[in-house]
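# Topology and contacts: notes
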Amino acid sequence: MTIQRSTLKKLAFSTFLLTLPLNAAFAADPAVAERIKAALAAQGVDISWTGVSGDDSNATLQGVSIKPAAEKDALPIGDVKLEGVSEANGGYEIATVSTSPFEHSKDGVTLNLSPVVIHGMKVPAEGGTDPLGSLMMYKSAELSNMTVKVGDKTAFAMDGLAVQITPPADGKAMDFTANTEKFTADLSLVDDPKSKEAIEALGYQNISGNIAMAGTWQPSDGKMELSKYDISVENAGTLGMTFNLGGYTVDFIKSMQAMQKQLASQPEGADKSAQGMAMLGLMQQLSFNGASIRYQDASLTGKVLDYVGKQQGMSGKDVANQAKAIVPFGMAQLNNPELTAEVSTAVNTFLDNPKSLEISAEPPSSVPFALIMAGAMSNPLDLPKTLGVKVKANQD
């Protein structure tokens, strides 16, 4: 299955835009519509529609199109319904916002989305002093189904995406969760011969699973924590990731959006090195508090060991023993005996009894991105110590 990277990028970006609350939050009042249009334009997204029907309480925006600054053509997303619109503290509350079913095709790849339904949308008043005054919040969102087809075959499908958000209030952080009921993928469509051979040998031509995510964001100090991001595949395993950043404030978001808009406005072929350096400078406002990646096995490890062993004319156990012997030599170049011993012990434990393997970075205190970048350029071998890298196996 050969799909151009640019095509997948556009399809993924289209999905992202459709699930954004900002793109569905309009009101029949022209003043509100124009204010929202201006706010989105500042974020690099132009929005238009062909007409409005209904009244101030229930309205339908007809023929809505969106155009990110980096794209040449507008993307039509159809009609958008607004139900239960009411004024609130100089702004607006919308009980339900729903899009039309969406389909977009490019280079033989077709993306289909069922209507996106958003509940409890808040459109803030203009000129508010609240740090979140320029952002729109909502309580929950739902997407019943998404499919990606290659030709007439479904390469990927996802059912039952549900997002829940508790907006920040009284100094408390915003909580958010996102879950899917199920996703499926047809890996038999992969056309790389070596990958296809491995997929068939492991028995993963068709896979299914689910995704679960949870986190918090504190606008006042910019602490962003993704406490859970698990991708589980049946009869294979679960890959889980977490991260904890500081400095991700509303001002940082605005600056990033302005920088992205400036980059997108540059003519094709123009020298963008100055903007690129400015972007790196902006990233240095962030700080690193921690991160982890964890694999919970559900039979995949044994299958991979047996497959590799078969290719080399040996057993899966022999392959595991070879890996145990190689790891210490590979780690020796880091010149970190303590970490080398920790990794070797964890790998041995996991290969003897595959349950879980986790790599984490837990610095004793917050590490500025500027320090990480400087360390990566001057002495990358010291980064594991700076970031507090740990490796452990078969621990809950």
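Scoring rules and cut-offs
- Residues numbered from 1 in each chain as written.
- Predicted model: local features only at pLDDT ≥ 70, side-chain atom pairs only at ≥ 80, totals over all residues.
- Heavy atoms only, no water.
- Helix = DSSP H or I, 4+ residues; strand = E, 2+ residues; numbered from the N terminus.
- Buried < 20%, exposed > 50% of the residue type's maximum accessible area, 1.4 Å probe, protein only.
- Pairing = 2+ DSSP bridges.
- Phe/Tyr/Trp six-rings, centres within 6.5 Å; stacked < 30°, edge-to-face > 60°.
- Axes fitted to C-alpha atoms, helices over the stretch in contact; angles between N-to-C directions.
- Parallel < 35°, antiparallel > 145°, perpendicular 65-115°, else oblique.
- Contact = heavy atoms within 4.5 Å.
- Nonpolar A, V, L, I, M, F, W, Y, C, P; charged D, E, K, R; others polar.
- Salt bridge = Lys/Arg side-chain N within 4 Å of Asp/Glu carboxyl O.
- Left-handed = near helix turned anticlockwise from the far one by under 90°.
- Patch = residues over 30% accessible without salt bridge, like charges linked within 9 Å, V, L, I, M, F, W, Y side chains within 5 Å.
- Areas by Shrake-Rupley, 256 points an atom, 1.4 Å probe, with all protein chains shown as cover.
- Polar contact = N/O pair within 3.5 Å; in protein donor to acceptor, adjacent residues only side chain to side chain.
- Expected span 1.5 Å × (residues − 1).
- pLDDT = per-residue confidence, 0-100.

## Here's the deal with the overall build of the protein
Along the protein, the regular secondary structure elements total 10 helices and 19 strands. Burial status across the protein gives 39% buried among its 396 residues.

## Examining the pairing of strand E17 (residues 356-361)
The side chains of a regular strand alternate between both faces of the sheet. Relative to E17, strand E16 (residues 287-297) runs antiparallel, the two being bridged by six bridges. Within the sheet, the bridge partner assigned to glutamine 296 lies in E17 and is serine 356. Examined bridge by bridge, E17 and strand E19 (residues 389-393) share five bridges and lie antiparallel to one another. The residue bridging leucine 357 from the neighbouring strand is alanine 393, located in E19.

## Quick word on the packing of aromatic side chains
Working definition: an aromatic ring pair is given by the centre-to-centre distance plus the angle between the planes. Counted by the stated rule, this structure contains four aromatic pairs. On the basis of an interplanar angle of 50° and a centroid distance of 5.6 Å, the ring pair of tyrosine 248 and phenylalanine 252 is categorised as tilted. An angle of 70° between the planes, with centres 6.4 Å apart, marks the rings of tyrosine 295 and phenylalanine 350 as edge-to-face. You can see tyrosine 295 sitting in strand E16 and its partner phenylalanine 350 sitting in helix H8 (residues 337-352), a full 55 residues away along the chain. Each member of the pair, tyrosine 295 together with phenylalanine 350, is buried. By the ring-pair criterion, three or more aromatic residues cluster together here, those being Trp217, Tyr248 and Phe252.

## Focus: the packing of helix H6 (residues 300-312) against helix H7 (residues 316-332)
In a packed pair of helices, the relevant descriptors are the angle between the two axes and the axis-to-axis distance. Following both chains from N to C, one finds H6 and H7 inclined at 95°, their axes separated by 7 Å at the closest point. What the angle tells us is that H6 and H7 run roughly perpendicular. Seen from H6, the contacting residues are Leu305, Asp306, Val308, Gly309 and Gln312; seen from H7, they are Gly316, Val319, Ala320 and Gln322. Its residues assigned to classes, the contact of H6 with H7 comprises four nonpolar, four polar and one charged.

## Considering the pattern of salt bridges
Per the counting criterion, the structure on display carries two salt bridges. Between arginine 294 and glutamate 358 there is a salt bridge, with its nearest N and O atoms 3.3 Å apart. With arginine 294 in strand E16 and glutamate 358 in strand E17, this residue pair connects regions lying 64 residues apart in the sequence. The salt bridge involving lysine 324 is made with aspartate 352; its shortest N-O contact spans 2.3 Å. Here aspartate 352 lies in helix H8 and lysine 324 lies in helix H7, a separation of 28 residues in the sequence. For lysine 324, a relative accessible area of 19% corresponds to the buried category.

## Concerning the packing of H7 against H8
Where H7 contacts H8, the two axes come as close as 9 Å, and the packing angle between them is 165°. In terms of orientation, H7 lies roughly antiparallel with respect to H8. Here H7 runs over H8; the crossing is right-handed. Counted together, Ala320, Ala323, Lys324, Val327, Pro328, Met331 and Ala332 of H7 and Leu339, Thr340, Val343, Ser344, Val347, Asn348, Leu351 and Asp352 of H8 form the full contact between these two elements.

## Looking at a nonpolar patch on the surface
Among the surface-exposed residues, Leu239, Ile293 and Ile359 lie close enough to one another that they form a single nonpolar patch of about 220 Å² accessible area. Relative to the assigned elements, isoleucine 359 resides in strand E17. For isoleucine 359, a relative accessible area of 42% puts it in the partly exposed group.

## Focus: the side chain of serine 360
The residue serine 360 is located in strand E17 in this model. Judged by relative accessible area, serine 360 falls into the buried class, the value being 4%. A polar side-chain atom of serine 360 sits 3.3 Å from a polar atom in the side chain of glutamate 362. Not counting the four nearest positions on each side in its chain, serine 360 is found in contact with Ala291, Ser292, Gly388, Val389 and Lys390.

## Here's the deal with H6
A rise of 1.5 Å per residue sets the reference length of H6, with its 13 residues, at 18 Å; its end C-alpha atoms lie 19 Å apart and thus fit the reference within 8%. Listed as buried for H6 are Thr301, Leu305, Tyr307 and Gly309. Turning to H6, the residues buried within the fold contact helix H3 (193-202), E16, H7 and H8. The positive-phi residue at the C-terminal boundary of H6 is glycine 313, with phi of around 70°.

## Thoughts on unusual backbone geometry
In this model, serine 299 sits at a positive phi of 95°, which is unusual for a non-glycine residue. Structurally, serine 299 is set in the loop between E16 and H6. Look at serine 299 and you get partly exposed, because its relative accessible area is 31%.

## Let's talk about the confidence of the model for the protein
Averaged over every residue, the pLDDT of the protein is 84; residues scoring 70 or more account for 84%. Scored below 50 in pLDDT, residues 1-30 makes 70 contacts in the model with residues more than four places away or belonging to other chains.

## A look at the pairing of strand E12 (residues 182-186)
Pairing analysis gives four bridges linking strand E10 (residues 153-166) to E12, with the strands arranged antiparallel. Residue aspartate 159 lies in a different strand from E12, and its bridge partner there is lysine 182. Relative to strand E13 (residues 206-218), E12 runs antiparallel, the two sharing four bridges. Bridging across to E13, alanine 185 finds its partner in isoleucine 207.

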